[in-house]
Amino acid sequence: MRHIAIVGSGPAGYYTAEACRNIFGDGGRIDIIDRMPVPFGLIRTGVAPDHQSIKAVSKRYEAVALTDTVRFVGNISVGKDVSIAELVSLYDAVVLATGAPQDRPLGIPGADLPGVVGSAAFVGWYNGHPDYARLNPSLHGTDAVVIGNGNVALDVARILAKTPEEFAGSDIVAHAREALAQSRIRHITLLGRRGPHQIAMTPKELGELGRLERAGPRIDPTDLPDEGADALLEPGQRKSVMLLREFAANPVARPVTIDFDFYAMPVAIEGEGHAQRVVVERTALDEMGRSHGTGEHYAINASLVVSCIGYQTPVIDGVPYEHGRGRFASDEGRILPGLYCVGWARRGPTGTIGTNKPDGLMIAEKIAQDIGEGADKPGRPGLDALLGQRGVDVITFRDWQNIDAEEVARALPGAPREKFTDVEDMVRAAGKLTGQAAAE
Ligand SMILES: Cc1cc2nc3c(=O)[nH]c(=O)nc-3n(C[C@H](O)[C@H](O)[C@H](O)COP(=O)(O)OP(=O)(O)OC[C@H]3O[C@@H](n4cnc5c(N)ncnc54)[C@H](O)[C@@H]3O)c2cc1C
């Protein structure tokens, strides 16, 4: 029997479990451990609440979780409740599928002022991640700056721009729904260091900006490169740039504006005790497409600044790490004997949900090459004994289904669910809180 522990129940964790199950069949036992009592990683807490069709991929993961060979072990934080060394001693293979949940630091003066938040925190707030449920972002001013030119920046701008009615059918959490309904933000600026040809925005997500009820995108036509140069772009990118051209050619007058400020590098955030403005340096591109400051500076008002400049994987003691790239150091997923990484923890924060599927298969194949028939390790019963001694409330997949049912039952009419945003509430809904805590 081969015993495999996968740490992290996001797409990379589930695709790895699916591939291991397909390779080992009944000769493998796979535990998917997550620090949250609820599964699916960024499918639940990253993917935008108004993109429900994308979240539907979790149904596929459910099918994996409901087999005898694979189980979900929720509410267990690796590094706190159980160490990597303990897991490696219990399982033939331990796979870190822990994602990249930390914001890359902005690294400019004023980045620590109130009013400045990273996208992991802001997205986690509107998606109900317990770590960020109390973020209370600053929505009292009229101006926001979103730093970054990728799909996450688009998500953030769109969520800030929508009317309460446009959230119908979404699973945006109550605290965010209520705060955004009172938001005074009317001008959103998207800052990109480079130009329209270098955006990392996909056409579907970009196109949505043109269909908002009270908001519209604005683009300075002089920022657009010569149209002939679009032919050199790959088709998806060309489509996105076409959309930018359409937005530039057909400006709409709407009460909420979303300005694309290209060739613009934030160099400082200023304000008296709170963010009030972002100081920006104009950039130019060299022949290699790299941006360089031109020395020309200007300021944009902003009482909310959201940086969407990428993520990093937290360091775990004893696990080799690539500091420059913010991910575990590995040889294509092999970290140390018996220890692997996959998904964003291996590659860094790039690619879509689907990108994690071939990644999961690759790691499962490496595990199969490395562990043979398994080394008679204790596996599941060993983990259960250890967690039992430590008195931790483990959440199983069936427990998660109880949480899920309660969330669905609490939903507003037309909405898929009303999420719990507090770990204790999740554990209580699972029927797992005992004694004093349950009575409170
Ligand atoms: C804001 C945002 C929006 C996105 N929208 C889309 C989209 O619309 N479409 C699309 O295709 N892709 C989208 N993506 C990308 C997609 O979410 C990622 O490709 C994918 O989630 C990465 O999978 P992962 O399993 O590596 O990491 P994650 O999904 O982050 O999963 C990591 C899991 O590990 C767990 N974990 C972390 N540390 C520990 C620990 N110490 N112990 C136990 N468990 C731990 C976490 O709780 C989490 O469940 C989006 C990403 C973001 C950030």
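Before any of the text, the structure's been laid out above.
Now for a quick tour of the structure.

As for its position among the elements, T16 is in helix α1 (residues 11-24). A relative accessible area of 0% means that T16 is categorised as buried. In contact with T16, other than residues within four places in its own chain, are I6, V95, V342, G360, I363 and A364.

Once that is clear, we can look at the site of the ligand. The local shell around the ligand holds 29 residues, among which A12, D34, V78, W344 and I353 are the closest. In the model, an oxygen atom of the ligand is placed 2.9 Å from a nitrogen or oxygen of the A12 main chain. Take I353: an N or O atom from its main chain is 2.8 Å from an oxygen atom of the ligand. Taken by itself the ligand offers 1,000 Å² of open surface, and the protein chains cover 88% of this. Only α1 and α7 (151-161) provide two or more residues apiece to the shell around the ligand. A breakdown of the residues in the shell around the ligand according to their chemical character gives 14 nonpolar, 12 polar and three charged.

Moving on: unusual backbone geometry. Glycine aside, negative phi is the norm for most residues, and most peptide bonds take the trans geometry. With a phi angle near 50 degrees, N136 is a residue other than glycine that sits in the positive phi range. Its place among the elements puts N136 in the loop between α6 (119-126) and β7 (143-147). Look at N136 and you get exposed, because its relative accessible area is 64%. Although it is not a glycine, D376 sits at a positive phi angle of roughly 55 degrees. Locating D376 in the fold gives a position in the loop between α12 (356-371) and α13 (379-390).

Moving on to the pattern of salt bridges. Between side chains of opposite charge, pairing is possible as soon as their charged atoms come close. Under the definition given, this model contains 32 salt bridges. The partner of R60 in a salt bridge is E18, with the nearest N and O atoms 2.8 Å apart. Residue R60 is found in helix α4 (residues 58-65), and its partner E18 is found in helix α1; the two are separated by 42 residues along the sequence. Judged by its relative accessible area of 35%, R60 falls in the partly exposed class. Put simply, R218 and D259 hold a salt bridge, and the shortest N to O gap is 2.7 Å. Placement of the pair is R218 in strand β9 (residues 215-219) and D259 in strand β10 (residues 256-261), with a sequence separation of 41 residues. Residues joined by salt bridges that share partners form a network here, namely D50, D155, R158, K162 and E208.

Another point: the layout of surface pockets. One number sums up the size of the second largest pocket: a volume of about 260 Å³. The wall of the second largest pocket is formed by 16 residues, among which F40, Q52, K55, S58 and R417 lie closest to the centre. The set of elements that each furnish at least two residues to the lining of the second largest pocket consists of α2 (42-45), α3 (52-55), α4 and α14 (397-409). Residue composition of the lining of the second largest pocket, by class: six nonpolar, two polar and eight charged.

Rules used in this analysis
- Residues numbered from 1 in each chain as written.
- Predicted model: local features only at pLDDT ≥ 70, side-chain atom pairs only at ≥ 80, totals over all residues.
- Heavy atoms only, no water.
- Helix = DSSP H or I, 4+ residues; strand = E, 2+ residues; numbered from the N terminus.
- Buried < 20%, exposed > 50% of the residue type's maximum accessible area, 1.4 Å probe, protein only.
- Contact = heavy atoms within 4.5 Å.
- Near = heavy atom within 4 Å.
- Polar contact = N/O pair within 3.5 Å; in protein donor to acceptor, adjacent residues only side chain to side chain.
- Areas by Shrake-Rupley, 256 points an atom, 1.4 Å probe, with all protein chains shown as cover.
- Nonpolar A, V, L, I, M, F, W, Y, C, P; charged D, E, K, R; others polar.
- Salt bridge = Lys/Arg side-chain N within 4 Å of Asp/Glu carboxyl O.
- 1 Å grid on protein atoms, 1.4 Å probe; cavity = no way out; pocket = protein on both sides within 12 Å on 5 of 7 lines; lining within 4 Å.
- Points joined across faces, edges and corners; volume = space filled by probe spheres on them.

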